[in-house]
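Each chain, written out:
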Amino acid sequence: MTVQATVRPAAGVRRLRSVRSVLWHVAVTVVVLVLLYPVIWLVSTSFKPADEVLSRLALLPEHATGDNYRQVFGGVAGYSIWQYLGNSLAVSAGAVAGNVLSCSLAAYAFGRLHFRGRGPLFGFMISTIMLPQHVVLIPQYIIFHKLGLVNSFWPLILPKFLATDAFFVFLMVQFVRGLPRELDETATVDGCGPFRTFWYVILPLLRPAVITTSIFTFIWTWNDFFTQLIYLNDPSKFTLPLALQIFVDQSSQSAYGPMFAMSVLALVPIGLFFLAFQRFLVEGVSTSGLKG
Amino acid sequence: MANTALTRPARQVTARPAARSRSRRRGQGAAYVFLSPWIVGATVLTVGPMLASLYLSFTDYDLFDSPRWVGLDNYVRMFTEDDRYWHAVTATLEYVVVSVPLKLGLALAVAMLLNRGRRGTGLYRSAFYAPSLLGASVSVALVWRAMYGDGGVAGRVLGVFGIDVGSMVDQPRYALLTVIALAVWQFGAPMVIFLAGLKQVPKELYEAAALDGAGPVRRFVAVTLPMLSPVLLFNLVLETIHAFQSFTSAFIISSGRGGPSDSTLLYTLYLYQRGFTDFRMGYASAMAWVLLVVVGLITVLLFRGANRWVFYLGEGRR
């Protein structure tokens, strides 16, 4: 590398290198296209008229139409699509609020404060990251059933306010530990108690971790199917994934068009989040993954 | 492991000046206030339910009548009488054993391809990561069902090569493969982690290896793999644990049935059917505990086995 910087390579070598670079870009682009083919096909099929949906290989619709979308916006399984969108949004927003609040509180305690039992409690918290949720699923269901909360959003949101997503607690603890201690000490000298220190010093600095937590919580909740399938059974409460599944169960093979239109609508928020925060998401995975 | 790391700063603090010990005393009570949501959650939604499901696993319980103690009946029936249970175990093991290595292999290969420091790498990295965000959704599982279903793309592409598979999702031989394909498609997340790991490998090692006459294959085996082994272990553990809990793809592709002939009956899908369609909650709890024990054992084995192949720079063997 350093040698190349000082001695200019001969023209032939340079040309060879640029040819290899072009080849590399072509190869990677081809792999990307193959990889993203299902998504591209999904979007294009959602704009195909019914008779074209069956001739399914062509990527671009011959006569693009908004009919599939019109049908979906005309209502699915007796309710407006807006209702399902609203439900999904309510659950996801509730989950984000819950995770941000409860996980940052717990992270400040684990990352900064001293209290008896911190070591064992922290160890326990870490171990719950890997705990399969199925082992707590049935008793949790029984609890919410006894409370009369099945078929409401509470079982999907309440646990987030109780910091059950240990992964995000861990993520934020790591971040809190990275903040300079002098800041807390200055705040303490200025007479701030732990609560004001948290609110005025730690929380504002925690912003990047809060953003990462919010994005991932939103996407994971938005995509979540298992928990929503278990807790919601009245169509008026259905989120988009549930409505989509019911829609498919009720319609025949020929309804691929509207089904795909609805699938696209369900992915739009994820796509927007991805376009807006792709750097953040990918960095989040590579750093938090490595620290784990 | 976490204990020793955490008690250390606490001990240092006692030797520090007054400001800290004052804040420490005040912090004691405050800490529990900050922690209270987590403590409630950990007690009421984690530890309590774990114990409860362990108890329920020894009972017959349908949610409406009170649980009836049946001893080891659920476990005995599971292991000796329930054919579908074994179908679920077989399908899940096949799913895990095939999908995890394929996914990690592809992730590593693409990470190596991208790790050239060329322009546009960030953009490609994001594009490869996208399926990891989308793949868990019902939408993509539906696309999969259409692609591998009757007249779908997969059948037509194979048809070009003279292989007639028909509708793959409707055949016991191929249905699980389509679910595996959806898992492998999401290789972007481990790939991003591999890429971050590759960036940490000191360039001098490659230069030294090249000077010693090592070709690309040798450099990969002698430098890349050992240096990447901690990341590989991390990805392996994470992906294995996740794979054992896969649900949505198999549920959607098989319309909730796990068919044809139980070929896509993943463990959690059967657990769901037993618990929430048959309301055999004691049985489902027993299944959950077996899952927990098996996943725990496999994790321990992976870490144990790791002593032999994971290499930590500057620390020798750990």
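Residues numbered from 1 in each chain as written. Chains lettered and ligands numbered in written order. Predicted model: local features only at pLDDT ≥ 70, side-chain atom pairs only at ≥ 80, totals over all residues.

Asks: Just checking my understanding: could you explain the overall build of chain A for this structure?
Replies: Counting its regular elements, chain A contains 15 helices and zero strands. Along the first, second and third principal axes, the C-alpha set of chain A runs to 75 × 70 × 35 Å. The burial tally for chain A puts 40% of its 292 residues in the buried class. A sequence separation of at least 24 residues applies to 75% of the contacts in chain A between residues at least 6 apart. (Helix = DSSP H or I, 4+ residues; strand = E, 2+ residues; numbered from the N terminus. Buried ≥ 20, exposed ≤ 12 C-beta atoms within 10 Å, placed from the backbone. Contact = placed C-beta atoms within 7 Å.)

Asks: I keep staring at helix 7 (residues 134-146) of chain A and nothing clicks. Help me out?
Replies: Note on helix geometry: an α-helix contains 3.6 residues per turn, so any two residues three or four positions apart are oriented the same way. Residues and elements named next belong to chain A. Between its first and last C-alpha atoms helix 7 spans 19 Å; for 13 residues at 1.5 Å apiece the expected length is 18 Å, and the two agree. Along helix 7, the residues classified as buried are H134, V135, V136, L137, I138, P139, Q140, Y141 and F144. Looking one or two residues past helix 7, G148 carries a phi angle of roughly 70°, positive in sign. (Expected span 1.5 Å × (residues − 1).)

Asks: Please explain the nonpolar core as it appears in this structure.
Replies: The nonpolar side chains of a soluble globular protein tend to be buried with one another. Membership of the largest hydrophobic core comes to 153 residues, with the highest contact counts inside it found for A106(A), V169(A) and M172(A). Sort the elements by how many residues they give to this core and helix 5 (residues 81-111) of chain A lands first, with 13 residues. When residues of this core are sorted by domain, at least three fall in each of domain 1 (2-67) and domain 2 (71-291) of chain A. Those residues in contact with A106(A) that sit more than four places away from it in its chain are A163(A), V169(A), F34(B), L35(B), P37(B) and W38(B). (Core = buried A, V, L, I, M, F, W, Y, C linked by C-beta atoms within 7 Å. Domains from an automatic or database assignment.)

Asks: Help me understand the confidence of the model for chain B, please; the structure alone is not making it clear to me.
Replies: Note that predicted coordinates carrying low pLDDT should not be read in detail. Residues and elements named next belong to chain B. Looking at chain B, pLDDT values average 87 and 90% of them are 70 or higher. Below pLDDT 50 for its whole length, residues 1-16 participates in 16 contacts with residues either more than four positions away or in separate chains. Scored by ipTM, the complex comes to 0.88, with pTM at 0.88. (pLDDT = per-residue confidence, 0-100.)

Asks: How do you make sense of the interface of chain B and chain A when you look at a structure like this?
Replies: Quite often, the size of an interface is put as the accessible area lost when its parts meet. The partner chain A presents 74 residues to the 82 residues of chain B that form the contact. For the side of chain B that touches chain A, the element with the highest residue contribution is helix 2 (residues 18-56) of chain B, accounting for 23 residues.

Asks: Would you explain the domain arrangement of chain A in this entry?
Replies: Residues and elements named next belong to chain A. Here chain A is described as being made up of domain 1 (2-67) and domain 2 (71-291). One C-alpha centre belongs to domain 1, the other to domain 2, and the line joining them spans 34 Å. Contacts between domain 1 and domain 2 engage eight residues on the former and eight residues on the latter. Of all the secondary-structure elements, those providing two or more residues to the side of domain 1 that touches domain 2 are helix 2 (11-45) and helix 3 (50-53). If one sorts the elements of the side of domain 1 that touches domain 2 by residue count, helix 2 sits on top with three residues. The residue inventory of the side of domain 1 that touches domain 2, partitioned by class, reads four nonpolar, two polar and two charged. (Nonpolar A, V, L, I, M, F, W, Y, C, P; charged D, E, K, R; others polar.)

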